[in-house]
Amino acid sequence: KQIYIKPVPNGGIIPVGNGTKENPYTSWTITLNVLRDNDDINIYPGEYDLGEYTIRIENKTNINIKALNEPYDTYDESKRVILKSNERVMAIEYSTKITLNGLTLTGKNFPFYKEQPDLYEYYKEHCGGGLLIRHSIETTINHCLFKNNVAPMGAGACMINSTNSKYYKTT
């Protein structure tokens, strides 16, 4: 099914919507709660300030997350979908055939540990300010821009125990 989401200006009243093209969702929480295998998430151009929120795609198959700003190769920020977070922007975990199209990801992933954890936990928590791909197969990233991401390693994107990922016209 097709799911639509549109940004709400900071401080604005957040109407819920029903996920249709005419009445898109305004909440990532609701959007992800209704997301099922083989769905498409269509995002209207604009800037989403996610605050401390991370968009998590977990245990899903054949999901297409796409900006509704074609052509995707525009660098005009007023025409792009920009996802900003004070944490990691997005995590794709235990999923197959997830595609991202035309997104800009800007995030910070800088957790603090008092003790040194084991290396697997360290990498899982510390890499990928923009995107973490973990235990996933066939993730495709098209025309995405990783911009001003911060993390101790793999600031833009990080892959752990994942295979067959493809990147096209992505910077």
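Residues numbered from 1 in each chain as written. Predicted model: local features only at pLDDT ≥ 70, side-chain atom pairs only at ≥ 80, totals over all residues. Heavy atoms only, no water.

## Some remarks on the environment of N18
Here N18 shows up in the loop between β1 (2-5) and α1 (28-34). Between the C-alpha atoms of N18 and I3, which are 15 residues apart in sequence, the distance is 8.8 Å. For N18, the contacting residues outside a window of four places in its chain are N23, P24 and Y25. (Helix = DSSP H or I, 4+ residues; strand = E, 2+ residues; numbered from the N terminus. Contact = heavy atoms within 4.5 Å.)

## Examining the sheet that holds strand β6 (residues 81-84)
Across the sheet, which stays open at both edges, the four strands sit in the order β3-β6-β9-β12 with parallel pairing between neighbours. Looking at the sheet topology across the chains shown, the edges are occupied by β3 (46-49) and β12 (145-146). The pairing of β6 with strand β9 (residues 103-106) spans four bridges and is parallel. Residue I82 lies in a different strand from β9, and its bridge partner there is T104. (Pairing = 2+ DSSP bridges.)

## Focus: the nonpolar core
Ranked by internal contacts, the top residues of the largest apolar core, which has 29 residues, are W28, L83, M90 and L103. Looking at which element gives the most residues to this core, the answer is strand β5 (residues 61-67), with three residues. What W28 contacts, discounting residues up to four positions off in sequence, is I5, I41, I43, Y48, L50, Y53, I55 and L83. In terms of nonpolar packing, the next biggest core, distinct from the first, is built from five residues, A91, C127, C158 and I160 among them. (Core = buried A, V, L, I, M, F, W, Y, C linked by side-chain atoms within 4.5 Å. Buried < 20%, exposed > 50% of the residue type's maximum accessible area, 1.4 Å probe, protein only.)

## What to know about the sheet that holds β5
Taken in spatial order, the six strands line up as β1-β2-β5-β8-β11-β14 in an open sheet, and their pairing is parallel. Looking at which strands have only one partner, the edges of the open sheet turn out to be β1 and β14 (166-168). Going across the sheet, the axis of each strand differs from the next one's by a mean of 10°, ignoring polarity. (Axes fitted to C-alpha atoms, helices over the stretch in contact; angles between N-to-C directions.)

## Here we look at the pairing of strand β7 (residues 90-93)
Alternating positions in β7 separate into two faces, M90 and I92 on one and A91 and E93 on the other, with burial throughout. Summarising the sheet, strand β4 (residues 55-58) and β7 pair through four bridges and their orientation is parallel. Its bridge partner being in β7, R56 is matched across the sheet by A91. Sheet topology note: the β7/strand β10 (residues 131-134) ladder contains four bridges and is parallel. Within the sheet, the bridge partner assigned to I92 lies in β10 and is I133.

## Some words on the environment of N101
Note that N101 resides in strand β8 (residues 96-101). Separated by 39 residues in the primary sequence, N101 and T140 place their C-alpha atoms 8.4 Å from one another.

## A few points about the pattern of salt bridges
Summed over all chains, the structure comprises three salt bridges. Between R56 and E93 there is a salt bridge, with its nearest N and O atoms 3.5 Å apart. Of the two residues, R56 sits in strand β4 while E93 sits in strand β7, which places them 37 residues apart along the sequence. Judged by its relative accessible area of 39%, R56 falls in the partly exposed class. Its relative accessible area of 5% is what places E93 among the buried residues. Through salt bridges with shared partners, a single ionic network connects R56, E93 and R134. (Salt bridge = Lys/Arg side-chain N within 4 Å of Asp/Glu carboxyl O.)

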